[in-house]
Amino acid sequence: MAELNEIVRYSMALENFGVAPCGTDKQKCDEDKRAIEIAGKTIRWIGERYEVGLPYDDENVVMERSLGIAFHHLKSVEKRLDRQGLLQRYHENNETYLEKGYAEELKWADVNRNLSNLWFLLHFPVLNPHKPEKLRIVFNSAAKSNGKCLNDYLLPGPPLGTELFGILCRFRKYPVAVGADIVEMFHQVTIREKDRWSQCFLWRRSSDEHTGIYRMKAMIFGANWSPFLAQFVKNYNAEQHSQDFPEARDEIINQHYVDDYYRSFLNVETALRICNEVIHVQQLGGFRLRNFISNNQELLNSLPQDRVIPSSQFDVCNTTVHRILGIQWDAIADQFLFVPNFQNVESDVISGKRAPTKREVLKIAMSLYDPLGFISPLAIKVRILIRYIRKEKISWDDEVKNDLLKKWLNWLDDLQKVSDIKIPRCILPYSDHVVTLELHTFFDASESAYSAVVYLRAELGGQYFVSLLASKARVTPL
């Protein structure tokens, strides 16, 4: 149920892109100011990267004991990894952390167990379904000990990143598109020494060894404060070099979505100049920008080749399709594609061979990723179906029947056609002969749903071009 709750929460966050009201919670505002103040006072350059302090909610924090639960969890995760055949890869990842200086090994005799900010993190592996060869270690800062977790003691900070909706819209603006990402962004930020005691963890290289104690020197992945601190450091570095590289500063602050950089430019010359400046400024902050992709081969040939994504890393069958911010993009055809991919859903449900349960319908509906609303007509149908299912008051694991099942099967038929949809990335062909640009917005509503869609209409040299910009559709409240 926790997994389903997270899927619903994420889907609702996507629904609010561009339309969410500004918050007015004074306590949250004060906490955000404190988090920014702590980061601003503690950040410093230490030679290869930045160091910053953790944003404790209370500077005199006294944490619960967490060593016991860490011991118990280590044994449990070892058994699970051994069953899954992942134990060796997990050990290799931990060794890599030590080699890169992200973590350090301590001696039990050197650990003062009475430290008020001492916390032992639980950790577990996460496999990327799109990159099954890649195993990532995630530290669970939400795991509780005596009713408290590490997240309870630290401030999450304000969201400093640019909205995904705006980044995607600007990615569609000009003919030359480019994307890249920062290597292990979170781990490029070092946590100051006295705060690292809140990032301890247990590990051993084999079941025959005694359990060792380790400490993350770098910022961990998976904590509620990590996105804030990473964005703060990235933006701080850009500001430090804004006088010499003002355009790179704007790109780093406004066109990065966490560790991803996506942008479009009017021509190759501008794209190359700005991309090289962004690479340089990011490197000055200890961040390495790599895996550049583009719809323009001339640009890719002109960029540093060690920064360009190798063809061997393309999607299956060595196609030119990439995932950019969760959306499938064919860089050569310069089109957005839609390939439904439902994780942890039985194939016989998707194929229509078995009736879905209420839980499965909700999971599938919430898994549709469409931040610009290109497939809103499809997504809204299954959300309307969920409303009908709720009115029937069936339990979570009961299968839908009768008219509800017919509606479900009809929706599955529509779902099979979604892979035929292709949306041009660039909103219009650019030229010096633009006569007019117009935004056309349409609204509609019924007893079941209400929606809006926006098109761009351009007149260029006697010709007219129309592009779908975005749409929103929501179920009418009961």
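Residues numbered from 1 in each chain as written. Predicted model: local features only at pLDDT ≥ 70, side-chain atom pairs only at ≥ 80, totals over all residues. Heavy atoms only, no water.

### Observations regarding the overall build of the chain
Part 1 of the argument: For the chain, the count of helices and strands is 13 helices and 21 strands.
Part 2 of the argument: Since a compact globule built from 478 residues should have a radius of gyration of about 23 Å, the 25 Å found for the chain is in line with a globular shape.
Part 3 of the argument: Projecting the C-alpha coordinates of the chain onto the three principal axes gives extents of approximately 75 × 60 × 50 Å.
Part 4 of the argument: Taken across its 478 residues, the chain has 47% of its residues classed as buried.
Part 5 of the argument: Taking contacts inside the chain between residues at least 6 apart in sequence as the whole, the part at least 24 apart equals 71%.
Part 6 of the argument: Put simply, the chain shows about 24,600 Å² of open surface, and 51% of that area lies on carbon and sulfur atoms.
Part 7 of the argument: Of the charged side chains in the chain, 60 are positive and 62 negative, and the gap between their average positions amounts to 4 Å. (Helix = DSSP H or I, 4+ residues; strand = E, 2+ residues; numbered from the N terminus. Rg over C-alpha atoms; globule rule 2.2 N^0.38 Å. Buried < 20%, exposed > 50% of the residue type's maximum accessible area, 1.4 Å probe, protein only. Contact = heavy atoms within 4.5 Å. Areas by Shrake-Rupley, 256 points an atom, 1.4 Å probe, with all protein chains shown as cover. Lys, Arg positive; Asp, Glu negative; His and termini not counted. Charge placed at Lys NZ, Arg CZ, Asp CG, Glu CD.)

### Notes on the environment of N267
Part 1 of the argument: Within the element layout of this structure, N267 appears in the loop between β13 (260-265) and α8 (268-284).
Part 2 of the argument: Along the primary structure N267 and P175 are separated by 92 residues, whereas in three dimensions their C-alpha atoms are 7.2 Å apart.
Part 3 of the argument: A polar atom in the side chain of N267 sits 3.4 Å from the backbone nitrogen of E269.
Part 4 of the argument: A distance of 2.7 Å separates the side chain of N267 from the backbone nitrogen of T270, its partner in a polar contact. (Polar contact = N/O pair within 3.5 Å; in protein donor to acceptor, adjacent residues only side chain to side chain.)

### Description of the packing of aromatic side chains
When we look at a pair of aromatic rings, we describe it by the centre distance and by the angle of the planes.
Part 1 of the argument: Under the criterion given, the structure shown has 18 aromatic pairs.
Part 2 of the argument: Consider the rings of F228 and F232, whose centres lie 6.1 Å apart with planes at 50 degrees: the pair is tilted. Of the two residues, F228 and F232 are both situated in helix α6 (residues 226-240); the distance of four residues between them amounts to about one turn of the helix. For the pair shown, F228 and F232 are each scored as buried.
Part 3 of the argument: By way of ring pairs, the aromatic residues F171, Y262, W329, F336, F338 and F374 are connected into one cluster.
Part 4 of the argument: The ring of F221 is capped by R136, whose NZ or CZ atom sits 4.1 Å from the centre of that ring.
Part 5 of the argument: Positioned over the ring face of W197 is R215, at 4.3 Å from the centre of the ring. (Phe/Tyr/Trp six-rings, centres within 6.5 Å; stacked < 30°, edge-to-face > 60°. Lys NZ or Arg CZ within 6 Å of the ring centre and 35° of its normal.)

### Quick word on the pairing of strand β16 (residues 327-330)
Part 1 of the argument: On β16, burial covers both faces: I327 and W329 on one face and Q328 and D330 on the other are all buried.
Part 2 of the argument: Between strand β15 (residues 321-324) and β16, which follow one another and run antiparallel, lie two residues, and L325 among them has a positive phi close to 55 degrees.
Part 3 of the argument: As paired strands, β16 and strand β17 (residues 335-337) are joined by three bridges and run antiparallel to one another. Note that in β17 the partner of Q328 across the bridge is L337.
Part 4 of the argument: Hairpin connection, β16 to β17: the antiparallel pair is bridged by four residues, and D334 has positive phi, about 55 degrees. (Pairing = 2+ DSSP bridges.)

### Focus: the nonpolar core
Part 1 of the argument: Membership of the largest hydrophobic core comes to 81 residues, with the highest contact counts inside it found for M216, L229 and F292.
Part 2 of the argument: Per element, the largest residue contribution to this core is seven residues, and it comes from α8.
Part 3 of the argument: Not counting the four nearest positions on each side in its chain, F292 is found in contact with V178, G179, A180, C275, I279, L300, L303, R307, V308 and I309.
Part 4 of the argument: Core analysis: the next-biggest nonpolar cluster, separate from the first, contains 43 residues, A177, F338, I386 and I423 among them. (Core = buried A, V, L, I, M, F, W, Y, C linked by side-chain atoms within 4.5 Å.)

### Some details on the pattern of salt bridges
Part 1 of the argument: Enumeration according to the criterion identifies 26 salt bridges in this entry.
Part 2 of the argument: For R354, the salt bridge goes to E360, with nearest N and O atoms at 2.8 Å.
Part 3 of the argument: Since its relative accessible area comes to 23%, R354 is described here as partly exposed.
Part 4 of the argument: Put simply, R44, E51, E104, E193, R196 and R215 are held in one network by salt bridges that share partners. (Salt bridge = Lys/Arg side-chain N within 4 Å of Asp/Glu carboxyl O.)

### Things to note about unusual backbone geometry
Residues other than glycine predominantly adopt negative phi, and peptide bonds predominantly adopt the trans conformation.
Part 1 of the argument: Positive phi outside glycine occurs at D334, with the angle close to 55 degrees.
Part 2 of the argument: Here D334 is to be found in the loop between β16 and β17.
Part 3 of the argument: Residue D334 is classed as buried on the basis of its relative accessible area of 14%.
Part 4 of the argument: A positive phi angle, near 55 degrees, is found at N402, a position not held by glycine.
Part 5 of the argument: Mapped onto the fold, N402 is located in helix α13 (residues 402-416).
Part 6 of the argument: Residue class for N402 comes out exposed when judged on its relative accessible area of 64%.

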